[in-house]
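# Architecture and fold: a report
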Amino acid sequence: MNCAITEDDLISPYLIIFKSLLLIPISHYLIFFFLTILLFLYFFLEIHFPKADPISLTFNPNSDFCKFIVSKCRLLHGRYFPTFWLSSPHLQTAFLTLFGKSPPFSYKRILYQATDGGTIALDWLMHSDVVEGISQVVNASNPGTDRTPIAIIVPGLTSDSSAAYIKHIAFRLAKEGWNVVVQNHRGLGGISLTSDCVYTAGWTEDLRKVIAHIHSQFPEAPLFAVGTSIGANVLVKYLGEDGPNTPLIGATAVCSPWDLLICDRFINRKLVQKVYDRMLTIGLQGYAQLHHSIISRIADWEGIKKSRSVREFDNYATRLVAKFETTDTYYRRSSSSQYVENVAVPLLCISALDDPVCTREAIPWDECRANKNIVLATTTHGGHLAYYEGLTASSMWWTRVVHEYFEVLLSSPFADRRHKIIPEPLGSSIDQGPFVDAGEHGMVAAASEVDTTRADAEPEDNAQIYVKTSNHLHKDNNPQVYNNILGPLKKRVDQLSRYSRKSIWLLAYIAIVTTWPLVGPALLFSIKRRFRKLVEK
């Protein structure tokens, strides 16, 4: 048997594979590379097949208002068909940020001075200013007698009246007969900070004062409000805090984050979400740089400069400015989801389930369904504040919905301020107890609940007292403070004993059984001693 090894047998198998690969045409490699890139983009950008998806509506079936709105708003019964070449939430959002075109017009600016010395820019676009699609700056009509409806727009994070989506909704409403005012956040819209107060995701005092100011200037005009992104969170939180005591007739919250703590976890979950996180951080750092002289004095400037995420920026800046113990405490107490049940005016909420910034996980479905004043409209696609439609992506679907909803509400009997529906509290009392703040190192501290009112509020017989949560432990030994703390606990115990007497007896039984190994021998020993004394006598 010949076992000799030839020279051909010594050739490496890898060399054979390499020579075989060289025989494949280069065009095939290019096709493979192109298909690989497409597959990566398909999953990374979450591209979907363009189709018309129905609008999902969540509301209280026992609410006359909700049934009326749902029956009259044609767009809520229709379908949203996104622009076919923007069939991705990331493409929609990126197009809005980078290439979004807005109608050409100019605002008329009025500066509002807050009581703390801060300056808020109010940019007006009157219906009389809009002529054939082009706005002209003219004198406003006489306030006091003007009954033209007014829409107050609250922009999103680091956005102002010049943002494309803000100009879209402002122009559409003004063109259809509305007066529009954009409430720019402090330090935005080309206005410098004139006080140490900086806007945050939960700061509602500016919106409250602006609404009161506009209502005093136009007492006969119906007031509506539109909140977008962080502005929607501020608007819903304000509506929940003031309840029926707001002059607003109706409101719309578009792409609200709802729960800032959940959104913070979501935006750091995937690589594509981290891109948004980084872009938002750069915007916040730019805002801080514009107002370096003030922010460097009231916040940690070195920490701001090295921040690589929104959470880090909030930890070094927002948390300190707003005087919260931890970043999680700031997120928790600034979230609007806990105020949804107290909203007492008609509210339309619009959210996209594929929103790459404000996740669907934060939407308070049950709270919206329980409140008779809220209609929640969700779409499968739409991105964040984009909702582009049409072949050329020249129209935004949500702006048409907001206009139709306001028109329907304005002509309905629910537009009467005297007939606001006060929501009934939810049956669950899980989150009615004192808050517990968890520190960064696991330290736990209780935060008591105290009754506070605004400093500028005038005392009235029927004034509503708002319950807010303090940021620090209460050090007053006044008995009234203890009554405020123990009162809710006693109320819950009374309810438990009234409605769940079986549970009380069950708890008593468990207490006896669990403590019997210690109490039993002591009780038997006492009985034996008494018995011995009786026998000796």
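Keep in mind it's a predicted model, so treat the numbers as computed, not measured.

## A look at the nonpolar core
- Grouped together as the largest cluster of nonpolar side chains are 66 residues, with contacts concentrated most on Ile 150, Ile 214, Leu 239 and Leu 347.
- Sorting elements by how many residues they give to this core places helix 8 (residues 230-242) first, with seven residues.
- Looking at this core, you find at least three residues from each of domain 1 (56-132 + 145-259 + 337-411) and domain 2 (260-334).
- Here Ile 214 is in contact with Trp 124, Ile 150, Ile 152, Val 181 and Leu 223, once residues within four sequence places are set aside.

## With respect to the UniProt feature "transmembrane region" (unreviewed entry) in the protein
- Mapped onto the present numbering, the UniProt feature "transmembrane region" (unreviewed entry) falls at residues 21-45 and 504-527.
- Annotated as 84% helix and 0% strand, the span residues 21-45 places its first and last C-alpha atoms 32 Å apart.

## Points about a nonpolar patch on the surface
- Taken together, the side chains of Phe 33, Ile 37, Leu 39, Phe 40, Leu 41, Tyr 42, Phe 43 and Ile 47 define a hydrophobic patch exposed on the protein surface, amounting to about 790 Å² of accessible area.
- By secondary structure assignment, the location of Ile 47 is in the loop between helix 2 (26-44) and strand 1 (53-54).

## Overview of the sheet that holds strand 2 (residues 56-59)
- Spatially, nine strands are ordered 2-13-12-11-10-8-9-5-4 in an open sheet, and the strand pairing comes out mixed. Whereas interior strands pair on both sides, the edge strands pair on one side only; in this sheet they are strand 2 and strand 4 (108-113). Strand-to-strand twist of the sheet, defined as the mean angle between neighbouring strand axes without regard to direction, takes the value 20°.
- Bridge analysis of strand 11 (residues 248-254) against strand 12 (residues 347-352) gives four bridges, and the strand direction is parallel. Bridge assignment links Thr 252 to a residue of strand 12, and that residue is Leu 348.
- Seen against the sheet, helix 7 (residues 205-217) touches strand 4, strand 5 (119-125), strand 8 (150-154), strand 9 (179-183), strand 10 (223-228) and strand 11 and runs at an angle of roughly 50° to strand 5.
- Relative to strand 11, helix 16 (residues 397-410) is tilted by about 160°, and along the sheet it contacts strand 8, strand 10, strand 11, strand 12 and strand 13 (374-379).

## Let's talk about the pattern of salt bridges
- Applying the stated criterion across every chain, the model contains 19 salt bridges.
- Close ionic contact of Asp 64 with Lys 67 constitutes a salt bridge, the shortest N to O distance being 3.9 Å. Taken together, the positions of Asp 64 and Lys 67, both in helix 3 (residues 64-72) and three residues apart, correspond to about one turn of that helix.
- Lys 237 is paired through a salt bridge with Glu 241; the nearest N and O atoms lie 2.6 Å apart. Of this pair, Lys 237 and Glu 241 both sit in helix 8, four residues apart, roughly one helical turn. Like Lys 237, the residue Glu 241 is buried in the burial classification.
- One salt-bridge network, in which partners are shared between bridges, spans Glu 205, Arg 208, Lys 209, Lys 237, Glu 241 and Asp 242.

## Points about the pairing of strand 13
- For strand 13, a buried count of six out of six residues is recorded, marking the element as mostly surrounded by other parts of the structure.
- Side chains Ile 374, Leu 376 and Thr 378 of strand 13 all project onto a buried face; the interleaved residues Val 375, Ala 377 and Thr 379 project onto the opposite face, where all are buried too.
- The pairing of strand 2 with strand 13 spans four bridges and is classified as antiparallel. Across the sheet, residue Phe 59 finds its bridge partner in strand 13, namely Val 375.
- Pairing geometry for strand 12 and strand 13, over six bridges, is parallel. Across the sheet, the residue bridging to Leu 347 is Ile 374, located in strand 13.
- Running through helix 15 (residues 365-370), the crossover from strand 12 to the neighbouring parallel element strand 13 is right-handed.

Parameters at a glance
Residues numbered from 1 in each chain as written. Predicted model: local features only at pLDDT ≥ 70, side-chain atom pairs only at ≥ 80, totals over all residues. Heavy atoms only, no water. Core = buried A, V, L, I, M, F, W, Y, C linked by side-chain atoms within 4.5 Å. Buried < 20%, exposed > 50% of the residue type's maximum accessible area, 1.4 Å probe, protein only. Helix = DSSP H or I, 4+ residues; strand = E, 2+ residues; numbered from the N terminus. Domains from an automatic or database assignment. Contact = heavy atoms within 4.5 Å. UniProt positions renumbered as here; feature names shortened; annotations may be inferred. Patch = residues over 30% accessible without salt bridge, like charges linked within 9 Å, V, L, I, M, F, W, Y side chains within 5 Å. Areas by Shrake-Rupley, 256 points an atom, 1.4 Å probe, with all protein chains shown as cover. Salt bridge = Lys/Arg side-chain N within 4 Å of Asp/Glu carboxyl O. Pairing = 2+ DSSP bridges. Axes fitted to C-alpha atoms, helices over the stretch in contact; angles between N-to-C directions. Right-handed = clockwise from strand over helix to strand, strands pointing away.

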